[in-house]
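# Structural description and commentary
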Amino acid sequence: MWRVNTTAFFLFMRDAHLVNFIKNRFDDGSGEVVSAILGLNNQLDGDMAQCSSSASYDKILLALKAKNPNLVPFAKSYLDILCENEMGIVKMVDVYGSGSYLINFSNFHTEYAKHHISSIVRDRFGPKCHRIFSIVLAKKMIEQKQVSELALLPYKRCQRTTIHTLHRKLSRDSRTSSNS
């Protein structure tokens, strides 16, 4: 009897989206490095873990040499850039020798969702609202006056834009959500 392995499909799609996200955020070379780490990931048993298994730098180099030998001299630079990024998707877990690296899928899902929500806000409400949304997303809790200062918008315009988004139920006021 034939059955579709939905878990393997989900893992394949997650990995493809992760590589495309990294390629769009950085460049093709960094996407290839992440693809090499994912190729070394031995977590194919369907376990939806938060992190991949760690891959040593030497194994990453061997995988890159087989797929794309032109990237081998730049692999360490790509890994350093990916690890130092504030997204925290690629992490160095072992500093002995050349190091071991893993991918934090939980951080990827968070950043992927933020990216798509920001795109929707920009497309639906415009660049001014997107600026306000990005500030609120980064600061978590912030006063209206601070938002207008950081967004470089006049206070009244910022207030109208915020009220407009609240009216459209894009964001929630903390006073109303705590009463629910």
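Our structure's up above, just so we're on the same page.
Read on for a plain summary of the structure. (Residues numbered from 1 in each chain as written. Predicted model: local features only at pLDDT ≥ 70, side-chain atom pairs only at ≥ 80, totals over all residues. Heavy atoms only, no water.)

## Some points on the pairing of strand β2 (residues 90–94)
Note: β2 against strand β3 (residues 100–103), four bridges, orientation antiparallel. Bridge pairing in β3 links lysine 91 to leucine 102. Where β2 folds back onto β3 in an antiparallel hairpin, the turn is made up of five residues, including glycine 97, whose phi is positive at roughly 70°. (Pairing = 2+ DSSP bridges. Helix = DSSP H or I, 4+ residues; strand = E, 2+ residues; numbered from the N terminus.)

## Let's talk about the pattern of salt bridges
This model, assessed by the stated rule, comprises three salt bridges. One salt bridge connects arginine 14 with aspartate 15, and the closest N-O pair in it is separated by 3.2 Å. What makes aspartate 15 buried here is its relative accessible area of 19%. Close ionic contact of lysine 23 with glutamate 32 constitutes a salt bridge, the shortest N to O distance being 3.4 Å. (Salt bridge = Lys/Arg side-chain N within 4 Å of Asp/Glu carboxyl O. Buried < 20%, exposed > 50% of the residue type's maximum accessible area, 1.4 Å probe, protein only.)

## Description of a nonpolar patch on the surface
A cluster of nonpolar side chains, Phe9, Phe12 and Met13, forms an exposed patch at the surface whose accessible area comes to about 330 Å². On the secondary structure map, methionine 13 appears in helix α1 (residues 6–25). (Patch = residues over 30% accessible without salt bridge, like charges linked within 9 Å, V, L, I, M, F, W, Y side chains within 5 Å. Areas by Shrake-Rupley, 256 points an atom, 1.4 Å probe, with all protein chains shown as cover.)

## Observations regarding a positive patch on the surface
On the surface, Lys128, Arg131, Lys156, Arg157 and Arg160 cluster together to form a positively charged patch. Among the secondary structure elements, those contributing two or more residues to the positive patch are α6 (127–139) and α8 (155–167). Tallying contributions element by element places α8 first for the positive patch, with three residues. Along the chain, arginine 157 turns up in helix α8. (Lys, Arg positive; Asp, Glu negative; His and termini not counted. Charge placed at Lys NZ, Arg CZ, Asp CG, Glu CD.)

## Section: the nonpolar core
Counting 28 residues, the largest nonpolar core has Leu18, Val34, Ile37, Ile89 and Ile103 as the members making the most contacts within it. When contributions to this core are tallied by element, the ones reaching two or more residues are α1, α2 (28–40), α3 (57–67), α4 (75–84), β3 and α5 (105–125). Not counting the four nearest positions on each side in its chain, leucine 18 is found in contact with Val34, Leu38, Ile89, Ile103, Phe105 and Phe108. One finds Ile132, Ala151, Leu153 and Cys158 within the second-largest nonpolar core, a separate group that totals six residues. (Core = buried A, V, L, I, M, F, W, Y, C linked by side-chain atoms within 4.5 Å. Contact = heavy atoms within 4.5 Å.)

## Section: the sheet that holds β2
Taken in spatial order, the three strands make up an open sheet running β1-β3-β2, and their pairing is antiparallel. For this open sheet the edge positions go to β1 (55–56) and β2, each flanked by a neighbour on one side alone. Bridge count between β1 and β3: two bridges; the pairing is antiparallel. If you follow serine 56 over to β3, its bridge partner there is serine 100.

All quantities given are derived from atomic positions and should not be read as evidence of function.
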